[in-house]
Amino acid sequence: MKSILCVTSNMDKMYNESGFLSKVKDKLKTKIISSEYIRELDIKVTGVRVPPNFNKKSYFENLTYAKKLCKCSEVLLAPRTLRTLDFNHFNKFQRRFFAFSVIKSIKLMLRMRNKSLKNCCIVVYDAVDVINYDIIEELAKQSKYIVFLSLNLVKARKLADYVIANFGVTPIVTNDELYAIKAADFIISSKDKEFSYEKPVWLLNNSINAVKDSIAVNDVSYKVPWSTLNFSFSIELLGAVLCQMEERDIEKALKYNGIYLQEIKFNNNTIY
């Protein structure tokens, strides 16, 4: 298996800077924080902490420098910083696994409310954001009542046509936020937005530090059978491990390896 590079950052101190001095400062702050060999998998996992500089150019440069520190010719990235930027560095399997984790956690939360994904209304906002595509596909396999809330109705309708043709589900397309949120049993949001409607929400954008009036989720963690010392198995890390195995079916891969979803979280706080 290829080595894995886990990249983390202090999300409480985000900033946006670019230029020569910023580049020098960021390099000095980029450090290896852990290195571990998982015997059962025959894989090396290195943890690097990068500064929370989320200027797009600086983010890319810091990620490139983190790879150099790892000193591996071939390495799989498991970035766990600002998800809207990290997502661009996920491979196809990691994107699918992230989508699976979002929908799996929503199913569990609905079940605890004696509800089912099959008969609940799930609102996706903004539906046309790229980070939502794999989530929408996973959702369409299991849900019949989907609302695409979007400011770009033309693009949202094209996306709805794709879902109808491939999954036999007809999403409702609207830009009426009040209508959509009122109908929602659960909201999946890729925008940096707080919903004050007391509806549970999965925040794909993990830059929000606190939510007041709704139950918010932005992360999950998994229980694995492998012995580790320095890290827990995040969505990003587990996706990087599983993508190197032969099984493409995520449910089967988890079952075969004795892995299960352990916690549903908002930042470091466990919700379920």
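Please refer to the structure placed before this passage.
Trainee: Would you mind going over the overall build of the chain with me for this structure?
Mentor: Along the backbone of the chain there are nine helices and 14 strands. For the chain, the C-alpha radius of gyration of 19 Å lies close to 19 Å, the compact-globule estimate for 272 residues. Each principal axis of the C-alpha atoms in the chain carries an extent, and together these give about 50 × 45 × 35 Å. Classification of the 272 residues of the chain by burial places 52% in the buried group. Taking the contacts inside the chain whose residues are at least 6 apart along the sequence as the reference set, 64% of them involve residues at least 24 apart. Summing over all exposed atoms, the chain offers an accessible surface of approximately 13,500 Å²; the carbon and sulfur share of this is 50%. Of note, the chain has its 41 positive side-chain charges centred 2 Å away from the centre of its 29 negative side-chain charges.

Trainee: Can you walk me through the state of the cysteines in this structure?
Mentor: Inspection of the entire model under this criterion finds zero disulfides. The thiol of Cys120 is not disulfide-bonded; the next cysteine sulfur, from Cys121, is found 8.5 Å away. For Cys120, a relative accessible area of 2% gives the class buried.

Trainee: For this particular structure, what's the right way to read the pattern of salt bridges?
Mentor: Proximity of charged atoms lets side chains of opposite charge pair with each other. All chains considered together, the criterion is met by nine salt bridges. Across the pair Asp134 and Lys92 runs a salt bridge whose closest N-O atoms are separated by 2.8 Å. With Asp134 in helix H5 (residues 133-140) and Lys92 in helix H4 (residues 92-111), this pair connects stretches of sequence that are 42 residues apart. By relative accessible area, Lys92 is classed as exposed at 52%. The partner of Lys115 in a salt bridge is Asp185, and the shortest N-O contact between them spans 3.2 Å.

Trainee: Can you help me understand the sheet that holds strand S2 (residues 31-38) in this one?
Mentor: Strand pairing in a sheet is mediated by backbone hydrogen bonds. Such pairs are either parallel or antiparallel. Taken in spatial order, the four strands make up an open sheet running S2-S3-S1-S4, and their pairing is mixed. Across the chains shown, the open sheet's two edge strands, defined by having one partner strand only, are S2 and strand S4 (75-80). On average, each strand axis in the sheet is tilted by 20° relative to the strand beside it, whichever way the strands run. Across six bridges, strand S1 (residues 3-8) lies against S4 in parallel orientation. Bridged to Ile4 within S4 is Leu76. Against the sheet, helix H2 (residues 56-70) makes contact with S1, S2, strand S3 (43-49) and S4, and its axis sits at roughly 130° relative to S4, the strand it touches most.

Trainee: Looking at this structure, I do not really get the side chain of Glu236. What am I missing?
Mentor: Within the secondary structure, Glu236 is located in helix H8 (residues 235-242). Setting aside chain neighbours within four positions, we find Glu236 in contact with Ala78, Pro79, Arg80, Arg83, Phe90 and Gln94.

Trainee: In this structure, what is going on with a negative patch on the surface? I would like to understand it.
Mentor: Together, Glu246, Glu247, Asp249 and Glu251 make up a region of like negative charge exposed at the surface. Among the secondary structure elements, Asp249 is positioned in the loop between H8 and helix H9 (250-257).

Trainee: Teacher, can you tell me more about the packing of H4 against H8 here?
Mentor: Packed helix pairs are specified by the crossing angle of their axes together with the interaxial distance, meaning the distance between the axes. Contact pair H4 / H8: the axes reach a minimum separation of 9 Å and the direction vectors enclose 130°. In terms of axis orientation, H4 runs oblique to H8. In this structure, H4 meets H8 at a crossing whose hand is right-handed. Touching Phe93, Gln94, Phe97, Phe98 and Ser101 of H4 are Ile235, Glu236, Leu238, Gly239, Ala240 and Leu242, all from H8. Here the contact of H4 with H8 is composed, by residue class, of seven nonpolar, three polar and one charged.

Trainee: Help me out: how do you make sense of the pairing of S3 in this one?
Mentor: It is a general feature of regular strands that their side chains alternate between the two faces of the sheet. Of all seven residues that make up S3, five are buried, and the element is covered over most of its length. Examined bridge by bridge, S1 and S3 share five bridges and lie parallel to one another. Across the sheet, Val7 pairs through a bridge with Val48, a residue of S3. Judged from the seven bridges that link them, S2 and S3 form a sheet pairing that is antiparallel. From the neighbouring strand, Ile32 faces S3, where its bridge partner is Val48. The antiparallel pairing of S2 with S3 creates a hairpin that spans four residues between the two strands, and Asp42 there sits at a positive phi of about 55°.

About the thresholds
- Residues numbered from 1 in each chain as written.
- Predicted model: local features only at pLDDT ≥ 70, side-chain atom pairs only at ≥ 80, totals over all residues.
- Heavy atoms only, no water.
- Helix = DSSP H or I, 4+ residues; strand = E, 2+ residues; numbered from the N terminus.
- Rg over C-alpha atoms; globule rule 2.2 N^0.38 Å.
- Buried < 20%, exposed > 50% of the residue type's maximum accessible area, 1.4 Å probe, protein only.
- Contact = heavy atoms within 4.5 Å.
- Areas by Shrake-Rupley, 256 points an atom, 1.4 Å probe, with all protein chains shown as cover.
- Lys, Arg positive; Asp, Glu negative; His and termini not counted.
- Charge placed at Lys NZ, Arg CZ, Asp CG, Glu CD.
- Disulfide = S-S within 2.5 Å.
- Salt bridge = Lys/Arg side-chain N within 4 Å of Asp/Glu carboxyl O.
- Pairing = 2+ DSSP bridges.
- Axes fitted to C-alpha atoms, helices over the stretch in contact; angles between N-to-C directions.
- Patch = residues over 30% accessible without salt bridge, like charges linked within 9 Å, V, L, I, M, F, W, Y side chains within 5 Å.
- Parallel < 35°, antiparallel > 145°, perpendicular 65-115°, else oblique.
- Left-handed = near helix turned anticlockwise from the far one by under 90°.
- Nonpolar A, V, L, I, M, F, W, Y, C, P; charged D, E, K, R; others polar.

Any functional reading would require information beyond the geometric quantities listed.
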